[in-house]
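Read off the chains here:
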Amino acid sequence: GGCERCNPGTRALPAVVAITGYFGAMLAVYYFCNSAVTRTAAPLLSTSISFGLMLTTLQSVSILGQLSMGWESPWYEVMMVVRLFAFDLEFVQMDCLATKMPAISRYLYRALIPAVTVGLYLLLYLLSQVVAPLFKLAKWQLPGTLNSVGTIWQSMYITISLVALLPFQCYDQ
C-alpha cells in the first residue's frame, strides 16, 4: 500500500496494456457470448460459469489485498496481481501518466468504469451499424450487445461494490 516511484522508461506501459486488454476483453465478450456455437454448447456454458466463478474469487481475494496488513513475499506479489481484477488504478500506475491525481479523480475513474463500458458498447453497436456494411461484415445486434453489457456488469459486481465502499476507508497519511 505505499507509493512507488515511476519508472521513466515505462511510464505509460502499464496503463496502455490495461486499457488495451480491457477493450480486447470487451470485444471478446461480445463475440464469445453471441456466436451461434457458444450460445448452445453445454461445455462452453460450463466453462463460462467456471470463468465467472474464478473472476469472482479473484475479486474477493483482491478485497483481502486492500487490507492494511504486512503481506510477506510471495503473498504480497499475489495480492498486487489480483488488484488488477478489481480495476485498481493504482496497480496500473495512472499517476505516472500525469501529475499526481487527487483522490477524488481516482475514485471517479473507478466509479465510472461500468458506465463507460455501457457507453462504449453502445458506441460500438452504432459504429457497427454504419461501418459493417461498408466492409461486408455482420452488424452487431442489439440483444447481443445488451447480453455483453450484462456479462461485463456481472463480472464487475464485486468491483462496483468495492468502489461504493471506498469513501468509507481511511488511510494513514
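Report follows, based on the coordinates. A quick note: this is a predicted structure, and the numbers were derived from the prediction, not measured.

Reading the values: rules and limits
The residue numbers shown here count from 1 along each chain, following its written sequence. Local features in this predicted model are restricted to residues whose pLDDT is 70 or higher, and side-chain atom pairs enter the listing and the counts only when it is 80 or higher, whereas totals over whole chains, interfaces and linings include all residues. For side-chain calculations, the full set of non-hydrogen atoms in the structure is used, while hydrogens and water are omitted. The numbering of helices and of strands both runs from the N terminus, where a helix is a DSSP run of H or I of at least 4 residues and a strand a run of E of at least 2. When a residue's accessible area, from a 1.4 Å probe over protein chains only, is under 20% of the maximum for its type it is buried; when over 50% it is exposed; and in between it is partly exposed. Throughout, the Shrake-Rupley method with a 1.4 Å probe supplies accessible areas, and for residues the shown protein chains are the sole cover considered. Working note: the arc is built from the helix axis to C-beta atom directions. The nonpolar core is taken to be a set of buried Ala, Val, Leu, Ile, Met, Phe, Trp, Tyr and Cys residues, with the residues joined through side-chain atoms within 4.5 Å. Should any heavy atoms of two residues lie within 4.5 Å, those residues are considered in contact. Multiplying 1.5 Å by the helix residue count minus one yields the expected span of that helix.

A separate point is the overall build of the protein chain. Secondary structure assignment for the protein chain yields seven helices and zero strands. Its helices and strands in sequence order give the protein chain the pattern α-α-α-α-α-α-α, from N to C terminus. Every one of the 173 residues in the protein chain was classed for burial, and the buried ones make up 26%. Looking at the protein chain as shown, the accessible area adds up to about 11,700 Å², and 72% of this sits on carbon and sulfur atoms.

Attention now goes to helix H7 (residues 157–165). All of the buried residues along H7 are Ile 158, Thr 159, Leu 162 and Val 163. Taken down its axis, H7 places every buried residue within 140° of arc, on the same side. Within H7, the exposed residues directed more than 90 degrees away from the buried face are Tyr 157 and Leu 165.

Next up on the list: the nonpolar core. With twelve residues, the main nonpolar core is built from Tyr 22, Met 26, Val 29, Tyr 30, Cys 33, Ile 113, Tyr 121, Tyr 125, Trp 140, Val 149, Ile 152 and Met 156. Broken down by secondary-structure element, the contributors of at least two residues to this core are helix H1 (13–34), helix H5 (103–134) and helix H6 (142–155). The dominant element in this core, judged by the number of residues it contributes, is H1, at five residues. Not counting chain neighbours up to four residues away, the residues in contact with Val 149 comprise Val 118 and Tyr 121.

Attention now goes to unusual backbone geometry. The omega torsion of the bond from Ser 73 to Pro 74 falls at 10°, within 30 degrees of zero and hence cis. Position of Pro 74 relative to the elements: it lies in the loop between helix H3 (42–65) and helix H4 (75–82). One non-glycine residue, Lys 136, adopts positive backbone phi at about 55°. Inspection of the secondary structure puts Lys 136 in the loop between H5 and H6.

The next subject is H6. In this model H6 runs 20 Å from its N-terminal to its C-terminal C-alpha over 14 residues, within 8% of the 20 Å that 1.5 Å per residue would give. Inspection of H6 places Gly 144, Thr 145, Ser 148, Val 149 and Ile 152 among the buried residues, and these make up the whole buried set. All buried residues of H6 lie within an arc of 145° about the axis, which places them on one face of the element. Residues of H6 that are exposed and point over 90 degrees away from its buried face: Pro 143 and Gln 154.

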